[in-house]
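Below, each chain spelled out in residue letters.
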Amino acid sequence: MCPHCEDFARTVVLLGQLALYADRSDADATFVDAVGVSLAASLPEPPPGIFPPGYDPGDGPDYPSETPR
């Protein structure tokens, strides 16, 4: 596996583990917020072949904005 691929895979696994931790009743929300943002910001570009040819992550359905309660 290429070093870039390993970094991507490792970061995705860490984000998944953080998501599982965040669902616990005793999770530290401040920790989850701080680490989640840092991990997401450090996520490298996906390795070639993850997405099909011509895939544009910005090309998708329009989602309605959240309405204030």
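Residues numbered from 1 in each chain as written. Predicted model: local features only at pLDDT ≥ 70, side-chain atom pairs only at ≥ 80, totals over all residues. Heavy atoms only, no water.

Asker: Account for the overall build of the protein chain, with residues named and values stated.
Answerer: The secondary structure content of the protein chain amounts to two helices and zero strands. Within the protein chain, buried positions represent 12% of all 69 residues. Within the protein chain, residue pairs in contact and separated by at least 24 positions form 65% of the contacts whose partners lie at least 6 positions apart. Accessible surface for the protein chain amounts to roughly 5800 Å². Of this, 59% is attributable to carbon and sulfur atoms. (Helix = DSSP H or I, 4+ residues; strand = E, 2+ residues; numbered from the N terminus. Buried < 20%, exposed > 50% of the residue type's maximum accessible area, 1.4 Å probe, protein only. Contact = heavy atoms within 4.5 Å. Areas by Shrake-Rupley, 256 points an atom, 1.4 Å probe, with all protein chains shown as cover.)

Asker: Outline the environment of Ala9, listing residues and values.
Answerer: Mapped onto the elements of the fold, Ala9 is located in helix 1 (residues 3-22). What makes Ala9 partly exposed here is its relative accessible area of 31%. For Ala9 and Pro47, which are 38 residues apart along the polypeptide, the C-alpha to C-alpha distance reads 9.3 Å.

Geometric values such as these leave the question of function open.
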